[in-house]
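# Structural features, examined
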Amino acid sequence: MAMFAALVAVLGQLPAIPLAGGVPITLQTLGVMLAGAVLGPWRGAGAIVLLHLLVAAGLPLLAHGSGGLGVFAGPTAGFALGWIPGAFLVGLITQASWPLRLWRTITGTVLGGILVVYACGLPVMAFQLGLSLEQALLLNLAFLPGDVIKAVIAIMLTHSLARAYPAPFTHARRRRTSHGPAR
């Protein structure tokens, strides 16, 4: 979990592209998708909780080197907090059974890594900036192509890692042994 918290933090330190509304384009959601897909629901979400605890303690681990409790009160707070249920859902769907299936990884990554994060982030952004939900959604349409690219990368990396090094995928493998053979 610590490694994935660190991965998400590092992905936030790469140069971010600022867009309207103060929400930057970063690679951090790629790390969130990978955390859920590789670690499973509980550990994936736990990695993001660990990251948020470090950020709340003041470490500059989010985009633009931001940290401290103030980041959880700004327009991007909902997106960052949405990473927790997002990683959980990615892991829950992706690691529903072993071996991993491409359709589950695609479904989990899109639903958890994109839709859940947007569902948590848009209302907070709209409130903080005095926008309607529709206006906030329109401002965030620019993020969708990048999020789809990040999802594709996460899917490819997840399946490559599962073939090369299946050890981290304990949630899915345990489900196979406790529920019989995979179908």
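Everything below is about the structure shown above.
This text gives an overview of the structure that appears in the document. This structure is a prediction, so every number in the text was calculated from the model and none was measured. (Residues numbered from 1 in each chain as written. Predicted model: local features only at pLDDT ≥ 70, side-chain atom pairs only at ≥ 80, totals over all residues. Heavy atoms only, no water.)

## Structural notes on the overall build of the protein chain
For the protein chain, the helix and strand inventory stands at 8 helices and 2 strands. The helix and strand sequence of the protein chain, counted from the amino end, reads α-β-β-α-α-α-α-α-α-α. Across the 183 residues of the protein chain, 45% fall into the buried class. Nonlocal contacts in the protein chain, meaning residues at least 24 apart in sequence, comprise 70% of its contacts between residues at least 6 apart. When the accessible surface of the protein chain is summed, it comes to about 8700 Å², and 75% of that surface belongs to carbon and sulfur atoms. (Helix = DSSP H or I, 4+ residues; strand = E, 2+ residues; numbered from the N terminus. Buried < 20%, exposed > 50% of the residue type's maximum accessible area, 1.4 Å probe, protein only. Contact = heavy atoms within 4.5 Å. Areas by Shrake-Rupley, 256 points an atom, 1.4 Å probe, with all protein chains shown as cover.)

## A short note on the packing of helix α1 (residues 2-13) against helix α2 (residues 28-39)
Packing of α1 against α2 leaves a shortest axis separation of 8 Å and a crossing angle of 165 degrees. Regarding the angle of α1 to α2, the classification is roughly antiparallel. For the element pair α1 and α2, the recorded crossing hand is right-handed. Two secondary-structure elements touch here, α1 through Phe4, Leu7, Val8, Ala9, Leu11 and Gly12 and α2 through Gln28, Leu30, Gly31, Val32, Leu34, Ala35, Val38 and Leu39. (Axes fitted to C-alpha atoms, helices over the stretch in contact; angles between N-to-C directions. Parallel < 35°, antiparallel > 145°, perpendicular 65-115°, else oblique. Left-handed = near helix turned anticlockwise from the far one by under 90°.)

## Quick look at a nonpolar patch on the surface
Taken together, the side chains of Val148, Ile149, Val152, Ile153, Met156 and Leu157 present a nonpolar region at the surface, about 520 Å² in accessible area. Along the polypeptide, leucine 157 turns up in helix α7 (residues 144-164). Residue leucine 157 is classed as partly exposed on the basis of its relative accessible area, which comes to 44%. (Patch = residues over 30% accessible without salt bridge, like charges linked within 9 Å, V, L, I, M, F, W, Y side chains within 5 Å. Salt bridge = Lys/Arg side-chain N within 4 Å of Asp/Glu carboxyl O.)

## Remarks on the packing of aromatic side chains
In total, this model carries 3 aromatic pairs according to the counting rule given. Note on tryptophan 42 and phenylalanine 88: the rings are 4.8 Å apart at their centroids and 75 degrees apart in plane angle, and the pair reads as edge-to-face. Taken together, the residues tryptophan 42 in helix α3 (residues 41-56) and phenylalanine 88 in helix α4 (residues 77-94) connect sequence positions 46 residues apart. Given a relative accessible area of 23%, phenylalanine 88 falls into the partly exposed group. (Phe/Tyr/Trp six-rings, centres within 6.5 Å; stacked < 30°, edge-to-face > 60°.)

## Side note on the pattern of salt bridges
Close approach of charged atoms lets side chains of opposite charge pair. Counted according to the given criterion, the structure contains 1 salt bridge. Between aspartate 147 and lysine 150 there is a salt bridge; the shortest N-O distance is 3.1 Å. Of this pair, aspartate 147 and lysine 150 both sit in helix α7, 3 residues apart, roughly one helical turn.

## Notes on the side chain of histidine 52
Within the secondary structure layout, histidine 52 lies in helix α3. Histidine 52 sits in the buried class, given a relative accessible area of 6%. If near-sequence neighbours (up to four positions away) are discounted, histidine 52 is found in contact with Phe72, Ala80, Leu81, Trp83 and Ile84.

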